[in-house]
Amino acid sequence: MNMLNVGRVTRSELAADAPSEAHGIVHDEPLIFELGGWEKTGVDLPDPELDAGDLAGLLRQAPIGLPGLSEPETLRHYVRLSQKNHAIDLAMYPLGSCTMKHNPRLNEKIARLPGFADLHPMQPVSTVQGALAVMDLLAHWLKTLTGLPAVALSPKAGAHGELCGLLAIRAAHEARGDARRKVLVPSSAHGTNPATAALAGYQVEEIAQTPNGRVDLADLAAKLGPEAAAVMVTNPNTCGLFERDVLEIARLTHEAGAYFYCDGANFNAIVGRVRPGDLGVDAMHINLHKTFSTPHGGGGPGAGPVVLSQALAPYAPTPWVVSGAAGFDLVEERRGEAASAFGRLCAFHGQMGMYVRALTYMMSHGADGLRQVADDAVLSANYVKARLSEAMTAAFPDGPCMHEALFDDRWLEGTGVTTLDIAKALIDQGFHPMTMYFPLVVHGAMLIEPTETEPKREIDRFCDALLDLAAAAKAGETAKFKGAPFKAPLRRLDETAAARKPRLRWTP
Ligand SMILES: *Cc1c(COP(=O)(O)O)cnc(C)c1O
């Protein structure tokens, strides 16, 4: 019974606050360190035959401090934790800019084949020819879909890909003896863009946005000059809109001697329809965990390959795969054709498991299927935009959106309810909230990305839930919002404190 505590939130508390319905038992789940004893272990291994002679006095003297639990205790702990959270496998997860689409189980099946799952990165190349063939084929698909001639597979996330692209750009400028100092970033950019530019040693300058949610060309032209190393533009942008002037952005950028970095996190909206290389892009990261349906890990493992133009290709980081008469090989050293490589981004070759999943997704969809991904993602978002515009204010009402629908908070004026309250109340309806307060250029932003994998029925359920909340907000039912979520294991949390003062260490 001690496993089934009625937890921090008691049933009576829930019943008192909750707007409706009964609740199941809420497990108060301790940390695994609090749960596990130190004396026992869940595995039965023979005592090791210890030859400490090889360890030169490095033999551990004290216990390692891992909690001991049996297999069922361990399993239940993690299953209970998983039930405290929302998951894409439970219901719609409309987090804008994140492309929370379904991860096909076929991807998982293929990634678990022992020939992929049991590889070691230091195996001799002759024993991993199949894995190198997968990397080579994935690179081929990425280059074909983007119309760019080179790709660095190793970056491990979108932000890591941005760093890769900017380091290649810096290396290209430095090779000409041109030490440019600035990177231009639109005001609507994802926070990783200016952060990456700063990390790469650049000054960040903001480009203004037009009233219709796109890059202000006049402002861009005025800020471009001999100091500008690169322009970082997201297309479709984070307002869910296609940058119609993208060719002109590329022309102005190149005319000023700068490179065009495209944040490709929103590639899902245009895959199979538009090749960024045709738009004049020099470098773009692709979030395999967004467009190509590999899972979004809790901080990893992700993969953010970067495609590069001819001008930047020589500076790509090692390693990369080459093929010849003797089969596939890895270029690892900065010599020969890799003499100008800017270095490497990780110890080995990147996230093999993600490569396998992404390639499985590409090959099972085919070229026509990938094009349909983009079509359906855009259709879903426009359906959401049309339905919710009945009650909510679209930030850019004129014309269609791309893969995500952006609302502001004008429709909440005078209700006393905020964007945050709406998001929290959505949790009680069984949905993950949309992205809130991003992009920063829209007041009280609510960014909704349904993705192509949601059936119409689920999108309707979501829209109905939001329209009900909108009606409640307008009818003055503020109590429904201010304490929400009522049905989550924990209630309204101090998220700012959690982010600013995280307690990451367990102390006995
Ligand atoms: C997700 C995202 C990123 C960052 O990607 P990570 O893989 O989370 O590092 C960058 N830009 C945009 C527009 C994104 O949506």
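What counts as what
Residues numbered from 1 in each chain as written. Predicted model: local features only at pLDDT ≥ 70, side-chain atom pairs only at ≥ 80, totals over all residues. Heavy atoms only, no water. Helix = DSSP H or I, 4+ residues; strand = E, 2+ residues; numbered from the N terminus. Polar contact = N/O pair within 3.5 Å; in protein donor to acceptor, adjacent residues only side chain to side chain. Contact = heavy atoms within 4.5 Å. Phe/Tyr/Trp six-rings, centres within 6.5 Å; stacked < 30°, edge-to-face > 60°. Buried < 20%, exposed > 50% of the residue type's maximum accessible area, 1.4 Å probe, protein only. Near = heavy atom within 4 Å. Areas by Shrake-Rupley, 256 points an atom, 1.4 Å probe, with all protein chains shown as cover. Nonpolar A, V, L, I, M, F, W, Y, C, P; charged D, E, K, R; others polar. Axes fitted to C-alpha atoms, helices over the stretch in contact; angles between N-to-C directions. Parallel < 35°, antiparallel > 145°, perpendicular 65-115°, else oblique. Left-handed = near helix turned anticlockwise from the far one by under 90°. Pairing = 2+ DSSP bridges.

**Student:** Mind showing me how you'd approach the side chain of His349 here?
**Tutor:** Following the sequence through the fold, His349 ends up in the loop between strand S9 (327-331) and helix H11 (352-388). Within polar-contact distance, the side chain of His349 engages the backbone oxygen of Pro121 at 3.4 Å. Non-local contacts of His349, meaning those with residues more than four positions away in its chain, are made with Pro121, Met135, Ser154, Pro319, Leu330, Glu332 and Tyr355.

**Student:** Is there a simple way to explain the packing of aromatic side chains in this structure?
**Tutor:** For any two aromatic rings, the description comes down to two numbers: the centre-to-centre distance and the angle of the planes. Inspection of every chain in the model, using the stated rule, returns 4 aromatic pairs. When the ring of Phe292 is compared with that of Tyr361, the centres are 6.3 Å apart and the planes differ by 75°; the resulting orientation is edge-to-face. Taken together, the positions of Phe292 in the loop between strand S6 (283-285) and strand S7 (306-308) and Tyr361 in helix H11 put the pair 69 residues apart, joining distant regions of the chain. For Phe292, a relative accessible area of 0% translates into the label buried. An aromatic cluster of three or more residues is present, and its members are Phe267, Phe292 and Tyr361.

**Student:** What is the right way to look at the site of the ligand in this model?
**Tutor:** The environment of the ligand is formed by 13 residues, the closest being Ser97, Gly158, Asp263, His289 and Lys290. Residue Asp263 places a side-chain N or O atom 2.5 Å away from a nitrogen atom belonging to the ligand. In the model, an oxygen atom of the ligand is placed 2.7 Å from a nitrogen or oxygen of the Lys290 side chain. Isolated, the ligand exposes 380 Å² of accessible area, and the fraction of that covered by the protein chains is 86%. When residues in the shell around the ligand are grouped by element, the largest group, 3 residues, is from helix H7 (residues 158-175). For the shell around the ligand, the class distribution of residues is 3 nonpolar, 7 polar and 3 charged.

**Student:** I keep staring at the packing of helix H6 (residues 129-146) against H11 and nothing clicks. Help me out?
**Tutor:** In helix packing, the relevant descriptors are the interaxial angle and the interaxial distance, both defined with respect to the helix axes. Close contact between H6 and H11 brings their axes to 10 Å; oriented N to C, the two are set at 45°. Here H11 runs oblique to H6, going by the angle between their axes. Seen from above, H6 lies across H11 with left-handed handedness. Counted together, Ala131, Val134, Met135, Leu137, Leu138, Trp141, Leu142 and Leu145 of H6 and Met352, Tyr355, Val356, Ala358, Leu359, Met362, Met363, Gly366, Ala367 and Leu370 of H11 form the full contact between these two elements. Residues belonging to the contact of H6 with H11 are distributed by class as follows: 17 nonpolar, 1 polar and no charged.

**Student:** Teacher, can you tell me more about the pairing of strand S5 (residues 259-263) here?
**Tutor:** Sheet faces and side chains relate simply in a regular strand, where the side chains alternate between the two faces. Burial within S5 is extensive, with 5 of its 5 residues counted as buried. With burial as the criterion, each face of S5 is covered, one bearing Tyr259, Tyr261 and Asp263 and the other bearing Phe260 and Cys262. Looking at chain direction, strand S4 (residues 228-234) and S5 are connected through 5 bridges and run parallel. Pairing of Ala230 across the sheet is with Tyr259, part of S5.

**Student:** Even after reading the chapter, I still don't get unusual backbone geometry, so can you show me in this structure?
**Tutor:** Most peptide bonds are trans, and most residues other than glycine sit at a negative phi. In this structure, Pro236 follows Asn235 across a cis peptide bond, with omega equal to -5°. In this structure, Pro236 sits in the loop between S4 and helix H10 (246-255). Across the junction of Phe438 and Pro439, the peptide omega takes the value 0°, indicating a cis bond. By the secondary structure assignment, Pro439 is in the loop between strand S11 (435-436) and strand S12 (446-448).

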